[in-house]
Number of protein chains: 2
Amino acid sequence: MPHFERIRYKPIPVRELLVEMKNLSELMIDLAYSAALFNDKELAEVVLDLESRVDTLAYLLDMEIMVASRGDPKDAEALIGVSTVAAATDKISDAAADIAAIVTHNIGVHPIVSAIFEKVEERLMKATVKEDSVIAGKQICALELAARMGVDIIAIRRNKDWIINPEETERVFPGDVLITRGAPIGIKAFKDLAEGKLAKAEEST
Amino acid sequence: MPHFERIRYKPIPVRELLVEMKNLSELMIDLAYSAALFNDKELAEVVLDLESRVDTLAYLLDMEIMVASRGDPKDAEALIGVSTVAAATDKISDAAADIAAIVTHNIGVHPIVSAIFEKVEERLMKATVKEDSVIAGKQICALELAARMGVDIIAIRRNKDWIINPEETERVFPGDVLITRGAPIGIKAFKDLAEGKLAKAEEST
């Protein structure tokens, strides 16, 4: 039986909680589709873990909002938008977990479901970094992926672990499995870079 | 009081229903954030209408799945993934409607909520097509936006109407307000094109 942590009030800025909930929930949708697309059970489990993280953030945020409103109706009015957006991100993360659960429950992707992945496939790609790739050993920020190719690395699988939403200072190493998100041309060019089939990002444009 | 249409079983392929639900739900998130970001009540109302469209699709899909399973447990097992993904897209569209309702209810965007829009702003942009723009009068497909700039037009406001997820054969006209989605550099360059500040897409790269 999993151990559930007792949620206690901790003073964390509401802004910080809300930004994390929003970012996590959007990322989770792409990770859940990736898990289904690549039939990756471990990645699906990561999504389920993130869902419980979002739930915890939602509790903390709700408590923070109650405290912040100080019993004042005016403050409550001002804060209702915040709690509404937070609840929406929570719903989105639930939806992502539902999709991930298809993978963990071995339900299998029905041919009808594959149809909806055609569009997802244009936007998400998996690439393994090769020894001779120009990106091997480089920091993500040095690659200037977002600016040059409109590409974003959303997850790295290194050995048995998944690094979700890696920091810009994180390096990519040979053997890393990267999940990237972006425009079709960009993610295709990046896959070629990672796999050592392309020596420079410029050659792809 | 709004008139609610009676939902009757219509034979529509499940695949078609599911693809439309998935596409609409993702689009709705971006439209809801756009409505909040640009404080656009009419766009928020469009999102609420789309939410009721997704609800109708969900009813039709559920009925279609019941019929398709023909009372056979094997078919039911095969189809459970489809109904799970459909339910997830329905949740996402509900979340989008919740965000849009902040705008229609005049709740106002609290400074804390603005913080989460900083990242949204990098991805969504609004541009008005000027008379002297090179794109004026052109079909969307002729602009090759997705391939060249990683940009997607998700909505067009023409006079009082919103055209959501326009067809590739749709033309853009002077005065049209476009909502675009894409990588920061791409949407910035496209805004310059639309506003006549840039004569060719190539100059931006």
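Above this text sits the structure in question.
All values reported here derive from a predicted model rather than from experimental measurement.

Novice: I'd like a rundown of the overall build of chain A, residues and numbers included.
Specialist: What chain A contains, in helices and strands, is seven helices and four strands. The secondary structure elements of chain A, listed N-terminal to C-terminal, are α-α-α-α-β-α-α-β-β-β-α. With the principal axes as the frame, chain A shows a C-alpha extent of 60 × 40 × 30 Å. Carbon and sulfur atoms make up 53% of the accessible area of chain A, which amounts to about 10200 Å² in all. Each charge class in chain A was averaged separately, 25 positive and 35 negative side chains, and the resulting centres sit 2 Å apart.

Novice: Which residues make up the pairing of strand 4 (residues 177-182) of chain A, and what values go with them?
Specialist: All names here are of chain A. Burial analysis of strand 4 places six of its six residues in the buried class, the great majority of the element. Here strand 4 shows no split at all, with Val177, Ile179 and Arg181 on one side and Leu178, Thr180 and Gly182 on the other all buried. For strand 1 (residues 124-128) and strand 4, the ladder comprises five bridges, and the chain directions are antiparallel. Among the inter-strand pairings, Met125 is bridged to a residue of strand 4, identified as Thr180.

Novice: Please set out the packing of aromatic side chains residue by residue, giving values where relevant.
Specialist: Between two aromatic rings, the relevant description is the distance of the centres plus the angle of the planes. Using the criterion set out here, one finds zero aromatic pairs over all chains in the structure. Positioned over the ring face of Tyr33 of chain B is Lys22 of chain A, at 5.0 Å from the centre of the ring.

Novice: Which residues make up the packing of helix 1 (residues 14-37) of chain A against helix 4 (residues 111-121) of chain B, and what are the values?
Specialist: The N-to-C vectors of helix 1 of chain A and helix 4 of chain B enclose an angle of 35°; their axes lie 9 Å apart at closest approach. Where helix 1 of chain A crosses over helix 4 of chain B, the handedness of that crossing is right-handed. Residues Val14, Arg15, Leu18, Val19, Lys22 and Asn23 of chain A of helix 1 of chain A form the contact with helix 4 of chain B, whose own contacting residues are Pro111, Ile112, Val113, Ala115, Ile116, Lys119 and Val120 of chain B. Residue composition of the contact of helix 1 of chain A with helix 4 of chain B, by class: nine nonpolar, one polar and three charged.

Novice: Now, about a nonpolar patch on the surface: what can you tell me, with residues and values included?
Specialist: On the surface, a cluster of nonpolar side chains totalling about 300 Å² of accessible area is made up of Tyr9, Met66 and Val67 of chain A. If you trace the backbone, Met66 of chain A turns up in helix 2 (residues 41-69).

Novice: Talk me through the relation of the copies chain B and chain A; I want residue IDs and the actual numbers.
Specialist: Rotating chain B by 180° and translating it 0.0 Å along the rotation axis places it on chain A, where the RMSD comes to 0.0 Å. Seen this way, the second copy is the image of the first under a two-fold rotation axis. Closest approach to the rotation axis among the C-alpha atoms of chain B is made by Ile92 of chain B, whose C-alpha sits 2.6 Å away. Mapped onto chain A, 100% of the interface residues of chain B again fall at the interface, so both copies present the same surface.

Novice: Outline the pattern of salt bridges, listing residues and values.
Specialist: For the structure shown, the criterion picks out 24 salt bridges over all chains. Between Lys91 of chain B and Asp98 of chain A there is a salt bridge, with its nearest N and O atoms 2.7 Å apart. One end of the pair, Lys91 of chain B, is in helix 3 (residues 73-104); the other, Asp98 of chain A, is in helix 3 (residues 73-104), on a second chain. With relative accessibility at 28%, the residue Lys91 of chain B sits in the partly exposed group. A relative accessible area of 25% places Asp98 of chain A in the partly exposed class. With a closest N to O distance of 3.1 Å, Asp192 of chain A and Lys188 of chain A form a salt bridge. Taken together, the residues Asp192 of chain A and Lys188 of chain A, both in helix 7 (residues 184-194) and four residues apart, mark about one turn of the helix. Connected via shared salt-bridge partners are Asp30, Asp152 and Arg181 of chain A.

Novice: Give me the interface of chain B and chain A: which residues, what numbers.
Specialist: Opposite the 39 residues of chain B that make contact, chain A presents 39 residues. Between chain B and chain A, a total of about 3500 Å² is buried, with carbon and sulfur atoms accounting for 74% of that surface. If you look at where chain B meets chain A, you find two salt bridges. Summed over the shared surface of chain B and chain A, the result is two residue pairs in polar contact (both at pLDDT 80 or more). Within the residue set of the side of chain B that touches chain A, elements represented by two or more residues are helix 1 (14-37), helix 3 and helix 4 of chain B.

Novice: Quick one: what's the story with the sheet that holds strand 4 of chain A, residue by residue and with numbers?
Specialist: All names here are of chain A. Taking strand neighbours across the sheet as the criterion, the four strands line up as 1-4-2-3 in an open arrangement whose pairing is antiparallel. Each edge of the open sheet carries a strand with a single partner, namely strand 1 and strand 3 (161-164). Recorded for the sheet is a direction-independent mean angle of 25° between the axes of neighbouring strands. Note that strand 2 (residues 151-158) and strand 4 share six bridges and pair antiparallel. By the bridge assignment for strand 4, Ala155 is matched with Ile179. Contacts from helix 2 reach strand 2, strand 3 and strand 4 within the one sheet, and its direction differs from that of strand 3 by about 50°.

Novice: Got a sec to walk through the sheet that holds strand 1 (residues 124-128) of chain B? Specific residues and values, please.
Specialist: All names here are of chain B. Here four strands make up an open sheet; going across it, the order is 1-4-2-3 and the pairing antiparallel. Lying at the two open borders of the sheet, with one neighbouring strand each, are strand 1 and strand 3 (161-164). Taken pair by pair, the neighbouring strands of this sheet meet at an average axis angle of 25°, ignoring direction. Contacts between helix 2 (residues 41-69) and the sheet are confined to strand 2 (151-158), strand 3 and strand 4 (177-182), with strand 3 contributing the most and set at about 50° to the helix. The strands touched by helix 7 (residues 184-194) are strand 1, strand 2 and strand 4; relative to strand 1, the strand with the most contacts, the crossing angle is about 5°.

Novice: Report on the environment of Leu31 of chain A, specifying residues and quantitative values.
Specialist: Within the secondary structure, Leu31 of chain A sits in helix 1. Take Leu31 of chain A: its relative accessible area is 0%, and that puts it in the buried class.

Each value, and the rule that gives it
- Residues numbered from 1 in each chain as written.
- Chains lettered and ligands numbered in written order.
- Predicted model: local features only at pLDDT ≥ 70, side-chain atom pairs only at ≥ 80, totals over all residues.
- Heavy atoms only, no water.
- Helix = DSSP H or I, 4+ residues; strand = E, 2+ residues; numbered from the N terminus.
- Areas by Shrake-Rupley, 256 points an atom, 1.4 Å probe, with all protein chains shown as cover.
- Lys, Arg positive; Asp, Glu negative; His and termini not counted.
- Charge placed at Lys NZ, Arg CZ, Asp CG, Glu CD.
- Buried < 20%, exposed > 50% of the residue type's maximum accessible area, 1.4 Å probe, protein only.
- Pairing = 2+ DSSP bridges.
- Phe/Tyr/Trp six-rings, centres within 6.5 Å; stacked < 30°, edge-to-face > 60°.
- Lys NZ or Arg CZ within 6 Å of the ring centre and 35° of its normal.
- Axes fitted to C-alpha atoms, helices over the stretch in contact; angles between N-to-C directions.
- Left-handed = near helix turned anticlockwise from the far one by under 90°.
- Contact = heavy atoms within 4.5 Å.
- Nonpolar A, V, L, I, M, F, W, Y, C, P; charged D, E, K, R; others polar.
- Patch = residues over 30% accessible without salt bridge, like charges linked within 9 Å, V, L, I, M, F, W, Y side chains within 5 Å.
- Salt bridge = Lys/Arg side-chain N within 4 Å of Asp/Glu carboxyl O.
- Least-squares fit on C-alpha atoms with pLDDT ≥ 70 in both.
- Buried area = accessible area lost by both parts, 1.4 Å probe.
- Polar contact = N/O pair within 3.5 Å; in protein donor to acceptor, adjacent residues only side chain to side chain.

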